[in-house]
Amino acid sequence: MTGSSSPCGACKFLRRKCVKGCVFAPYFCHEQGAAQFAAIHKVFGASNVSKLLAHLPVSDRSEAALTISYEAQARIAGEQ
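Just so you know, these numbers come straight off a predicted model, no measurement behind them.

Undergrad: Residues and numbers for the overall build of the protein chain, please.
TA: When you go through the protein chain residue by residue, the secondary structure sums to four helices and zero strands. Across the protein chain, helices and strands are ordered from the amino to the carboxyl terminus as α-α-α-α. Scaling as 2.2 N^0.38, a compact globule of 80 residues should have a C-alpha radius of gyration of about 12 Å, and the protein chain matches this with 12 Å. Its C-alpha atoms put the protein chain at 40 × 25 × 20 Å along the principal axes. For the protein chain, buried positions account for 35% of its 80 residues. Sequence separation of at least 24 residues holds for 48% of the intrachain contacts in the protein chain that already meet a minimum separation of 6. For the protein chain, the accessible surface area stands at approximately 5100 Å², while carbon and sulfur atoms represent 53% of it. If you average the places of the 9 positive and of the 5 negative side-chain charges in the protein chain, the two averages end up 13 Å apart.

This is the structure:
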């Protein structure tokens, strides 16, 4: 959770309340995270990414979130 009233970018995109301990909050900021997460959600789905990040060690999650984001953007660009 990024703040008392600001949801993380993923929760903002999903239009849900960002709770303490949100698995997405550290990796998708409030300002730019929603646009970034939109591609991830379209390609992989929020539930799948949530499960993936939750099963990884905390030390590996940042790199995984970045890699997933790049992969989603590449797949969307390949469709066009």
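Undergrad: Could you give an account of the UniProt feature "domain: LOB" (unreviewed entry) in the protein chain, with specific residues and numbers?
TA: With numbering matched to this structure, UniProt assigns "domain: LOB" (unreviewed entry) to residues 6-80. The distance from the first to the last C-alpha atom of residues 6-80 is 33 Å, and the span holds 65% helix and 0% strand.

Undergrad: Describe the packing of aromatic side chains, naming the residues involved and giving the relevant values.
TA: All chains considered together, the criterion is met by four aromatic pairs. With a centroid separation of 6.1 Å and 65° between ring planes, the pair formed by F13 and F37 is classed as edge-to-face. Taken together, the residues F13 in helix α1 (residues 9-14) and F37 in helix α2 (residues 33-43) connect sequence positions 24 residues apart. Centre to centre, the rings of F28 and F37 are 5.3 Å apart; their planes meet at 75°, and the pair counts as edge-to-face.

Undergrad: Report on unusual backbone geometry, specifying residues and quantitative values.
TA: Negative phi characterises most residues that are not glycine, and trans characterises most peptide bonds. Unlike most non-glycine residues, R15 shows phi in positive territory, near 55°. Position of R15 among the secondary structure elements: in the loop between α1 and α2. The exposure class of R15 is exposed, given its relative accessible area of 79%.

Undergrad: Pulling in residues and values, what's your account of the nonpolar core?
TA: Counting 21 residues, the largest nonpolar core has C8, C22, F24, F28, F37, I40 and L53 as the members making the most contacts within it. Every element with two or more residues in this core is listed here: α1, α2, α3 (46-55) and α4 (58-79). Considering each element in turn, this core owes the most residues, five residues, to α4. If we ignore the near neighbours within four places in the chain, the residues touching F37 are A10, F13, L14, F24, F28 and A46.

What counts and what doesn't
Residues numbered from 1 in each chain as written. Predicted model: local features only at pLDDT ≥ 70, side-chain atom pairs only at ≥ 80, totals over all residues. Heavy atoms only, no water. Helix = DSSP H or I, 4+ residues; strand = E, 2+ residues; numbered from the N terminus. Rg over C-alpha atoms; globule rule 2.2 N^0.38 Å. Buried < 20%, exposed > 50% of the residue type's maximum accessible area, 1.4 Å probe, protein only. Contact = heavy atoms within 4.5 Å. Areas by Shrake-Rupley, 256 points an atom, 1.4 Å probe, with all protein chains shown as cover. Lys, Arg positive; Asp, Glu negative; His and termini not counted. Charge placed at Lys NZ, Arg CZ, Asp CG, Glu CD. UniProt positions renumbered as here; feature names shortened; annotations may be inferred. Phe/Tyr/Trp six-rings, centres within 6.5 Å; stacked < 30°, edge-to-face > 60°. Core = buried A, V, L, I, M, F, W, Y, C linked by side-chain atoms within 4.5 Å.

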